[in-house]
Amino acid sequence: VSVKVILWGMGEMAKGMAKMILEKKGLELVGAIAKRKEKQDMDLGTAIGLDRKLGILVECDAAKVLAKTKRAVVLHSTNSFVSSVCGELEQALNAGHDIITIAEEMIYPWASAPEVAQKLDRVAKGSGVSLLGTGINPGFIMDTFVIALTGVCASVDKITVTRINDLGSFGPTVMRTQGIGKSVREFEDGVAAGRIVGHIGFKESISLISSSLGWKLDEIVQSREPIIARSERVTPFIRVPAGKVVGCKHIAEGKMNGRVVIRLEHPQQIRPEVDGVLTGDCIVIQGIPNIRLNINPEVPGSIGTIAIAVNMIPRVFEARPGLVTMADLPLPSAIPDDFAGFFQADKLEGFVD
Ligand SMILES: NC(=O)c1ccc[n+]([C@@H]2O[C@H](COP(=O)([O-])OP(=O)(O)OC[C@H]3O[C@@H](n4cnc5c(N)ncnc54)[C@H](OP(=O)(O)O)[C@@H]3O)[C@@H](O)[C@H]2O)c1
């Protein structure tokens, strides 16, 4: 028996998820929803760049795709913000499907949109299904993984996480939203105007950590600083001379009783190695005991997001109905071969058409 999977969004992450699912037993792709009309009726194999057809057609009519299957897990990857995705999520929940979304704000939607979070929770419970937000970051490296590490601490005073990564493979949208190629002045104007946003999801990551530890924070403050090139840096999409901005150092701090207790630092830039900067993830917990974990280079964002979204399918399938977080569910793990053994037989009944 296979659990049916619908892809909502046909971008880079969805293509990777589709390819990963095709390599596994116990999961079956049954539908794909796209936005652009050119993709309507395209075979899914072609849409994800394979040289073979899969016999599943990509469709732009979400309602039609969602209605074809009685119960499926929807892997949702269309947008970052709760306000943009809540309608889509509600529609899929109402159609009776579990959802895993990689929308950054959905890893802890209570942080920015508590009323929407409550509504989605209610709708999911009404349909007897579950909704999870996940991803590499937010969703794992700077929150879930950190929470798990505190499990071996008797007490925690402060958490500092730094993720230094390379944006060299990303396209024009990321260059624009990080202010890459701009002068310092243009960068500062862009931040002030909200055009340069840096990382999305810090408020959510900090809220997920603090809620797990039972910390009541006073406030979360964020800053965005330009990273300036010392030497020219070049990618397939952009050439940035020395002196211009090659990235955004985004910092968020959660304060409790006036003291910083969670600090997340994410300097994202193109080709950091050109100026001798090494990439990596570093988690420091000051407490009993003190813990320092270094991962060099950093866990890659694309495959990390694709894998965790697919690997969470059995966890979401088995979860209690409602809106859940990574901290509510059993630990994620890789499922190297067959997913079938991870689904309880009684729950599978509803999945068989
Ligand atoms: N949590 C994390 O760690 C994490 C990691 C990676 C990505 N993300 C987020 O996940 C989202 C997807 O990432 P990506 O790299 O796959 O982006 P992408 O390549 O830009 O793909 C997004 C896709 O969604 C489609 N889409 C947008 N609105 C839609 C709608 N209403 N119905 C159907 N399809 C729709 C777009 O269609 P068109 O091509 O037709 O416009 C596009 O193909 C982004 O918001 C990204 O920031 C989160």
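Values in this document were obtained by computation on a predicted structure and should not be read as measured data.

Peer 1: An account of the overall build of the protein chain is requested, with residue identities and associated values reported.
Peer 2: A tally of helices and strands in the protein chain yields twelve helices and 15 strands. For 353 residues, the compact-globule formula gives about 20 Å, and the C-alpha radius of gyration of the protein chain, at 21 Å, lands near that figure. Each principal axis of the C-alpha distribution contributes one length, and for the protein chain these read about 60 × 50 × 35 Å. The 353 residues of the protein chain split such that 52% are buried. Considering only residue pairs separated by 6 or more positions, the protein chain has 73% of its internal contacts joining residues 24 or more positions apart.

Peer 1: Can you tell me about the site of the ligand, naming the residues and giving the values?
Peer 2: Surveying the vicinity of the ligand reveals 24 residues, the closest of which are Met 13, Arg 36, Ser 80, Glu 88 and Glu 104. Take Met 13: an N or O atom from its main chain is 2.9 Å from an oxygen atom of the ligand. With respect to the ligand, the side chain of Ser 80 contributes an N or O atom lying 2.8 Å from an oxygen atom. Relative to its free-state accessible area of 920 Å², the ligand is covered by the protein chains to the extent of 74%.

Peer 1: An account of the environment of Gly 133 is needed here, citing residue identities and associated values.
Peer 2: When you line up the elements, Gly 133 lands in strand β6 (residues 130-133). In this structure Gly 133 comes out as buried when scored by relative accessible area, which is 1%. When the C-alpha positions of Gly 133 and Met 326 are compared, they lie 7.4 Å apart, and in sequence the two are 193 residues distant. Sequence-distant contacts of Gly 133, that is, excluding residues within four places in its chain, are made with Thr 101, Met 106, Ile 107, Val 324 and Met 326.

Peer 1: Explain the sheet that holds strand β13 (residues 280-288) to me, using residue names and the numbers behind them.
Peer 2: Strand order in this open sheet of six strands is β8-β11-β12-β7-β13-β14, and the pairing throughout is mixed. The strands lining the two open edges of the sheet, one partner per strand, are β8 (219-228) and β14 (291-295). The average angle at which neighbouring strand axes cross in this sheet is 10°, direction not considered. Bridge count between strand β7 (residues 155-166) and β13: nine bridges; the pairing is antiparallel. Residue pairing across strands places Thr 162 opposite Cys 282, the latter belonging to β13. Its contacts with the sheet put helix α8 (residues 184-193) on β8 and β11 (245-256), and the angle it makes with β8 is roughly 155°.

Peer 1: Can you break down the packing of aromatic side chains residue by residue, with the values?
Peer 2: By the definition in use, this model includes three aromatic pairs. Look at Phe 140 and Phe 145: their rings are 5.3 Å apart centre to centre, the planes differ by 15°, and that puts the pair in the stacked class. Given the relative accessible area of 22%, Phe 140 is considered partly exposed.

Peer 1: For the pairing of β13, give the residues involved together with the corresponding values.
Peer 2: Summarising burial for β13: seven of the nine residues are buried, a large majority. Inspection of the sheet shows β13 paired to β14 by five bridges, in the antiparallel sense. Among the inter-strand pairings, Ile 285 is bridged to a residue of β14, identified as Ile 291. The hairpin formed by β13 and β14 contains two residues between the paired strands.

Peer 1: I'd like to hear about helix α1 (residues 12-22), residue by residue, with values.
Peer 2: The set of residues buried in α1 consists of Met 13, Ala 14, Gly 16, Met 17, Ala 18, Met 20 and Ile 21. Residues of α1 that are buried in the fold lie against β1 (3-8), β2 (27-33), β4 (73-76) and α10 (301-311).

Peer 1: Can you tell me about the state of the cysteines, naming the residues and giving the values?
Peer 2: Going through the model one piece at a time under the given rule, you end up with zero disulfides. Distance from the sulfur of Cys 153, which forms no disulfide, to the nearest cysteine sulfur (Cys 282) is 14 Å.

Peer 1: Which residues make up the environment of Pro 272, and what values do they have?
Peer 2: You can see Pro 272 is positioned in the loop between β12 (259-269) and β13. Relative accessible area serves as the criterion here: at 1%, Pro 272 is assigned to the buried category. In sequence terms Pro 272 and Arg 233 are 39 residues apart; their C-alpha atoms lie 8.5 Å from each other. Apart from residues no more than four positions distant in its own chain, Pro 272 is found in contact with Asn 165, Asp 166, Arg 233, Val 277 and Thr 279.

Peer 1: Outline the side chain of His 199, listing residues and values.
Peer 2: Note that His 199 resides in the loop between α8 and α9 (202-213). Leaving out residues up to four positions away in the same chain, His 199 has contacts with Asn 137, Pro 138, Gln 178, His 250, His 266 and Gln 268.

Peer 1: Before we move on, could you go through the sheet that holds β2 and cite the residues and values that matter?
Peer 2: Strands sit in the order β3-β2-β1-β4-β5-β6-β15 across an open sheet of seven strands; the sheet is parallel. Pairing within the sheet leaves two strands with one partner each, and these edge strands are β3 (58-59) and β15 (322-324). Here β2 pairs with β3 via two bridges, running parallel. When the sheet's bridge partners are listed, Ala 32 is paired in β3 with Val 58.

Peer 1: So what's going on with the packing of α1 against α10? Which residues, and what values?
Peer 2: At a closest axis distance of 9 Å, the pairing of α1 and α10 adopts a crossing angle of 55°. Relative to α10, the element α1 lies oblique. Crossing handedness for the pair α1 and α10: right-handed. Between α1 and α10, the contacting residues are Met 13, Gly 16, Met 17, Met 20 and Ile 21 on the first element and Ser 302, Thr 305, Ile 306, Ala 307, Ala 309, Val 310 and Asn 311 on the second. Along the lines of polarity and charge, the residues of the contact of α1 with α10 split into eight nonpolar, four polar and no charged.

Conventions used here
Residues numbered from 1 in each chain as written. Predicted model: local features only at pLDDT ≥ 70, side-chain atom pairs only at ≥ 80, totals over all residues. Heavy atoms only, no water. Helix = DSSP H or I, 4+ residues; strand = E, 2+ residues; numbered from the N terminus. Rg over C-alpha atoms; globule rule 2.2 N^0.38 Å. Buried < 20%, exposed > 50% of the residue type's maximum accessible area, 1.4 Å probe, protein only. Contact = heavy atoms within 4.5 Å. Near = heavy atom within 4 Å. Polar contact = N/O pair within 3.5 Å; in protein donor to acceptor, adjacent residues only side chain to side chain. Areas by Shrake-Rupley, 256 points an atom, 1.4 Å probe, with all protein chains shown as cover. Pairing = 2+ DSSP bridges. Axes fitted to C-alpha atoms, helices over the stretch in contact; angles between N-to-C directions. Phe/Tyr/Trp six-rings, centres within 6.5 Å; stacked < 30°, edge-to-face > 60°. Disulfide = S-S within 2.5 Å. Parallel < 35°, antiparallel > 145°, perpendicular 65-115°, else oblique. Left-handed = near helix turned anticlockwise from the far one by under 90°. Nonpolar A, V, L, I, M, F, W, Y, C, P; charged D, E, K, R; others polar.

Scope: geometric values only; no functional claims are made or implied.
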